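Notes for the structure review
Each chain, written out:
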Amino acid sequence: MYHKSKLPNLATTIFTTMGQLARQHNAVNISQGFPNFPTDPHLLSLVKKAMEAGLNQYAPMQGILPLRERISEKMETLYGHSYHPETEITITAGATQAIFTAITAFIRPKDEVIVFEPAFDCYAPAIDLMGATLVSMPMQGPNFTMDWSLFQSKITPKTKMVIINSPHNPTGTLLKQHDMEELQNALRGTNILLLSDEVYEHMTFDGAAHQSACRFPDLASQSLICASFGKTFHVTGWKMGYMAGPKALMHEFNKVHQYNVFCVNHPMQGALADYLQNPDPYMALSAFYQEKRDYFLKAISASKFKWTPSEGTYFQVVDYSDITTETDMDFATRLVREYGIATIPMSVFWEDGRQDQQLRFCFAKTKDTLDRAAEIINRIGQ
Ligand SMILES: Cc1ncc(COP(=O)(O)O)c(C=O)c1O
C-alpha cells in the first residue's frame, strides 16, 4: 500500500540521529538537551507517595487543581500576572504537546505563522500539518539579536500566530524587556496570537530576569504560554508541562487537548503539586546552570572554538570557523567518529539549512562529563 506522506521533507530528528551515532562510537554526548545528573530524591519520594495515595486513574482533563493552583501562584509571584487555576491553566504531556495542541487549535490552512529562527524543531512540522505557512523571522548576526522593523514587515493579513522562545534554544539568548515591548507594540490591536515557549524560564544568567510574555498586559491578553517541568526539575523523561492563557483561548485549547490526550500522568501531577510548594528548587536553577556554564567555558578556553557566553538555557553555541570549512553536519559527524564527542549542528534549526559554521553544546551535564568533553574539545583542530 502506498501512503502519500503528510510531511515528505521531514527526516528523523537530529537528536535521534546524533544519539544513535554517539552510542555507536561510545562518544561523550553533549548533543541532546537533557541533564545527566540525578533527580531530587525528595521529588521521587513524592511520586511514590502520590501512587500509594491512589492517584493512579485518569486525572481531571485540565490537570489536578492543586497543581494548577501552585502554577498560578508561581506565575503571579514571579511575573505579576494572575491566571485563574480553574479556567486558564492546563497540564500537558510536556511543552511539546502544549505547542502541538495550541497550533492545532488555532491554525487553519493557509494561515501564516511567524517563527524566529533558528528555532526548536517541533514548531515547523505542526504548522505544516495544519496546511499553514511558516514565515521565517531570522535572528540577526553572531549574537542573534532581534530586528523589529524586519519583524513588522513579516506581518500580513494572513498572520495568525507568532512563536517566540526565551530563554532561547538553540542560541542561549534572552528576549530583553525592550524586545518584549517592541513585540507588544507590533501585536497590539491585531488578532494575532502569541505562542510563547518559556520552557527555560528558570535558567537566566548574570542577573538577567526572564521576560515572560505575561509580564506585558496587552501581550498577555493574546498569549498562550507554555512551560516544562522536565526542564525545570531535571525530569525530561516525565514529559510534564503546562499551558497558561486567557480563558477564551484556553477554552479552545482544551477542546483539542481533551481529544488529543484527554489528561496527563496523574501521580506525577500529585508529586509536582507537593514539590512546588517549595520555590527553592526552581529559584536555585539559574545559579546552578550559570555555574555549569562558567565551569565549562573556562574548561574549553584553550580550544579553537569561539563563542559569546550563553545568557540562559543550558546550551552554548560555538563558532568553528577557525578550525575547518566543513559543513556543520559533516563536522559534527566527524567529531563523533574521530574524536568521540556528539554535538548538534546549528543548521538543523534553520528551515533553509543555513550554514554559519556553528555547533550547539549542551552543558546540563555532570562535572565528569563536562571535563571529558572539554578535554576532547581542546584537542580539536590543534
Ligand atoms: C525550546 C523548547 N521547547 C519545548 C521543548 C519540549 O519540552 P518538553 O520536553 O516538556 O516537551 C524543548 C525541549 O527540548 C525545547 O528546547
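Residues numbered from 1 in each chain as written. Predicted model: local features only at pLDDT ≥ 70, side-chain atom pairs only at ≥ 80, totals over all residues. Heavy atoms only, no water.

1. Re the packing of aromatic side chains
Under the counting rule described, the total for this entry stands at 21 aromatic pairs. Between F116 and F151, the aromatic rings sit 5.6 Å apart at their centres with planes inclined by 15 degrees, giving stacked as the arrangement. Taken together, the residues F116 in strand β3 (residues 112-117) and F151 in helix α6 (residues 148-154) connect sequence positions 35 residues apart. There is no split in this pair, since F116 and F151 are both buried. (Phe/Tyr/Trp six-rings, centres within 6.5 Å; stacked < 30°, edge-to-face > 60°. Helix = DSSP H or I, 4+ residues; strand = E, 2+ residues; numbered from the N terminus. Buried < 20%, exposed > 50% of the residue type's maximum accessible area, 1.4 Å probe, protein only.)

2. Let's talk about the sheet that holds strand β9 (residues 315-319)
A sheet is described by the order of its strands in space; here three strands give the open sequence β9-β12-β11, paired in antiparallel fashion. One side of each edge strand has no neighbouring strand; the edge strands of this open sheet are β9 and β11 (344-345). Of the strand pairs in this sheet, β9 and strand β12 (residues 358-362) are connected by five bridges, and their pairing is antiparallel. Its bridge partner being in β12, V317 is matched across the sheet by R360. (Pairing = 2+ DSSP bridges.)

3. Quick notes on the site of the ligand
Residues in contact with the ligand, as listed here, are G94, A95, T96, F120, N165, N169, D197, V199, Y200, S228, K231 and K239. Within the side chain of S228, an N or O atom sits 2.7 Å from an oxygen atom of the ligand. Here an oxygen atom of the ligand and a side-chain polar atom of K239 are 2.6 Å apart. Coverage of the ligand by the protein chains reaches 93% of its 390 Å² of free accessible surface. Classifying every residue of the shell around the ligand gives four nonpolar, five polar and three charged. (Near = heavy atom within 4 Å. Polar contact = N/O pair within 3.5 Å; in protein donor to acceptor, adjacent residues only side chain to side chain. Areas by Shrake-Rupley, 256 points an atom, 1.4 Å probe, with all protein chains shown as cover. Nonpolar A, V, L, I, M, F, W, Y, C, P; charged D, E, K, R; others polar.)

4. A few points about the nonpolar core
Among the nonpolar cores identified, the biggest contains 123 residues, and I103, F151, F296 and F305 are the most heavily contacted of them. Counting residues per element, this core draws most heavily on helix α4 (residues 94-106), at six residues. Not counting chain neighbours up to four residues away, the residues in contact with F305 comprise V318, D319, Y320, I323, F331, L359, F361, I377 and I380. (Core = buried A, V, L, I, M, F, W, Y, C linked by side-chain atoms within 4.5 Å. Contact = heavy atoms within 4.5 Å.)

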